Amino acid sequence: MTPTILIVDDIAQNIQIAAQQLKDQGYRIIFATSGKKAVAMIRQRPVDLILLDIMMPDMDGFETCRFIKADYPGIPVIFLTAKNEIADVVKGFEAGGSDYITKPFYGKELQSRVRTHLDLKKQKDRLAKNRKQLQDLLHILSHDLRNSLSGIVMTMDLADAEGRSIEEFRSRLDELSRNGLDVLDLVRTMLSLDEKPLHCEAVSLNSCVKQSLRLLEPGFLKKNISSTIDLPGDYFVMAEETSLINSVLLNILTNALKFSYLDSEILISGRRTDERIILEINDSGTGIDEDMLPYLFDIQKGKSLRGTEGEKGTGFGLPLVEKFMKAYGGAIGIGSGSSGTTVKLSFTAAIKEY
């Protein structure tokens, strides 16, 4: 992507000189003749680097820099200063500036400093992206792997409560254990997503729904909640199977189970519209507070609430669901009220359904 540089100076000639020195470097150059205009422009569209004059009327470069850095701390600011204003350099750094250049400009110096700070910004952005990816992977491990481990514990508790042999639950325990290993494999896959996209292929939605329900069977039994599946077609969607089972369906069904009342029902239905497969999961539970709806997919602002029987959560489930649905080329929507919650998943239909 072509870097965008904003030049801010109240003297048009200075803008022209700076733009002239940078025009052959492949940058997109925009300009503002005042600090207020610069702040307004950046709020409409953030830029990659700012060349900012210090001496301007109304709002000087220092104040302009502070306003910008308050909302966009990652944008490097290079102050433009006359030689007799060197004493202001320290003040510029304190305001959040990254560097300074004295006027008149020397083309090679200006080009070199701009290139250096753009490279530094690119590296910082990459580090921030990697940090977020690692956080997401940690959330998968702490959230999705917990589902499998919890299922194992609940199955063993069920065996003890009913006085039955663990051997009778061998099949379920084996499935839960393999599911946990699949989650670990998924994390390794996600580590390589920057190098190659998630591999999506035709996956049986019906089969994935049934497998997710089997993994949660102890929880349904504990709260005496029934599940009704209404999938009139043998739907095949474009997705990655392990993440669809563990990070999408399992998270949504876990939430539905968590917030459902004892002895209630969860309905899972599907339909086809043109080239999309729509899956809806409805519960008749507590619903979601209206003021929380805008933050359901924000991993930083999401909240973990206790379920109807005091069940704990992490608040990380839905952001992960959205992440994977986007990777599939799909989407998620949530509606909620006093009568319960409806989660709608929209998938790309696989070319072949068989």
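The structure we're discussing is the one just above.
Residues numbered from 1 in each chain as written. Predicted model: local features only at pLDDT ≥ 70, side-chain atom pairs only at ≥ 80, totals over all residues. Heavy atoms only, no water.

### Description of the packing of helix 9 (residues 241–258) against helix 10 (residues 317–327)
And step 1. Across the interface, helix 9 lies against helix 10 with an axial gap of 9 Å and an inter-helix angle of 140°. One way to sum up the angle between helix 9 and helix 10 is to call them oblique. Regarding helix 9 and helix 10, the two cross each other, and that crossing is left-handed. Of the residues in helix 10, those touching helix 9 at Ser 243, Ser 247, Val 248, Asn 251, Ile 252 and Asn 255 are Gly 317, Leu 318, Leu 320, Val 321, Phe 324 and Met 325.
And step 2. Per-class residue counts for the contact of helix 9 with helix 10 are seven nonpolar, five polar and no charged. (Axes fitted to C-alpha atoms, helices over the stretch in contact; angles between N-to-C directions. Helix = DSSP H or I, 4+ residues; strand = E, 2+ residues; numbered from the N terminus. Parallel < 35°, antiparallel > 145°, perpendicular 65-115°, else oblique. Left-handed = near helix turned anticlockwise from the far one by under 90°. Contact = heavy atoms within 4.5 Å. Nonpolar A, V, L, I, M, F, W, Y, C, P; charged D, E, K, R; others polar.)

### Some remarks on the sheet that holds strand 11 (residues 331–337)
And step 1. What the five strands build is an open sheet, ordered 7-9-10-12-11; its pairing is mixed. Both outer strands of the open sheet, strand 7 (226–230) and strand 11, are each paired with one neighbouring strand and no more. On average, each strand axis in the sheet is inclined to that of its neighbour by 15°, with strand direction left out of account.
And step 2. Sheet strands in contact with helix 10 are strand 11 and strand 12 (340–348), and its direction is about 145° off that of strand 11. (Pairing = 2+ DSSP bridges.)

### Considering the pattern of salt bridges
And step 1. Under the definition given, this model contains 14 salt bridges.
And step 2. Measuring nitrogen to oxygen at the nearest pair gives 3.7 Å for the salt bridge that ties Asp 48 to Lys 121. Taken as a pair, Asp 48 in the loop between helix 2 (35–44) and strand 3 (49–53) and Lys 121 in helix 5 (residues 107–162) lie far apart in primary sequence, 73 residues in all.
And step 3. In this structure Asp 48 comes out as partly exposed when scored by relative accessible area, which is 22%.
And step 4. Assessed through its relative accessible area of 14%, Lys 121 is described here as buried.
And step 5. When the shortest N-O distance is used, the salt bridge between Lys 344 and Glu 280 registers 3.8 Å. You can see Lys 344 sitting in strand 12 and its partner Glu 280 sitting in strand 10 (residues 276–283), a full 64 residues away along the chain.
And step 6. Among the residues examined, Glu 280 registers a relative accessible area of 15% and is labelled buried. (Salt bridge = Lys/Arg side-chain N within 4 Å of Asp/Glu carboxyl O. Buried < 20%, exposed > 50% of the residue type's maximum accessible area, 1.4 Å probe, protein only.)

### Points about the packing of aromatic side chains
And step 1. Under the definition given, this model contains four aromatic pairs.
And step 2. Relative to Tyr 100, the ring of Phe 93 has its centre 6.4 Å away and its plane inclined at 75°; by these criteria the two rings are edge-to-face.
And step 3. On the accessibility criterion, Phe 93 (39% relative accessible area) is partly exposed.
And step 4. The exposure class of Tyr 100 is partly exposed, given its relative accessible area of 29%.
And step 5. Through pairs of rings, three or more aromatic residues link up here, namely Phe 324, Tyr 328 and Phe 347. (Phe/Tyr/Trp six-rings, centres within 6.5 Å; stacked < 30°, edge-to-face > 60°.)

### Here we look at helix 2
And step 1. Along helix 2, the positions that sit buried rather than exposed are Gly 35, Ala 38, Val 39 and Ile 42. Looking straight down helix 2, one finds that the buried residues subtend no more than 100° of arc, so they occupy a single side. Opposite the packed face of helix 2, turned more than 90 degrees from it, sit the exposed residues Lys 36 and Gln 44. (Arc of directions from axis to C-beta.)

### A closer look at the sheet that holds strand 5 (residues 99–103)
And step 1. Read across the open sheet, the five strands follow the order 2-1-3-4-5; overall the sheet is parallel. A strand with exactly one partner marks an edge of an open sheet, and here the two such strands are strand 2 (28–32) and strand 5. Ignoring strand direction, the axes of neighbouring strands in this sheet form an average angle of 20°.
And step 2. As defined by bridge partners, strand 1 (residues 4–8) adjoins strand 3 across four bridges and the pair is classed as parallel. Bridged to Ile 7 within strand 3 is Leu 51.

### Digging into the nonpolar core
And step 1. With 45 residues, the main nonpolar core has Leu 205, Leu 244, Val 248, Leu 279, Tyr 328, Leu 345 and Phe 347 as its most contacted residues.
And step 2. A per-element tally of this core places helix 9 first, with nine residues.
And step 3. Setting aside residues no more than four positions away along its own chain, Phe 347 makes contact with Leu 205, Val 237, Met 238, Leu 244, Glu 275, Arg 276, Ile 277, Leu 279, Met 325 and Tyr 328.
And step 4. By size, the runner-up hydrophobic cluster in this structure holds 20 residues, among which are Val 8, Ala 32, Ile 42 and Cys 65. (Core = buried A, V, L, I, M, F, W, Y, C linked by side-chain atoms within 4.5 Å.)

### A short note on unusual backbone geometry
And step 1. Here the residue pair Lys 103 and Pro 104 is connected by a cis peptide bond, since its omega of 0° sits within 30 degrees of zero.
And step 2. The residue Pro 104 is located in the loop between strand 5 and helix 5 in this model.
And step 3. Located in the positive-phi region is Asp 263, a residue other than glycine, with phi close to 65°.
And step 4. Note that Asp 263 resides in the loop between helix 9 and strand 9 (265–273).
And step 5. The class for Asp 263 is exposed, based on a relative accessible area of 56%.

No statement about biological role is implied by the geometric values presented.
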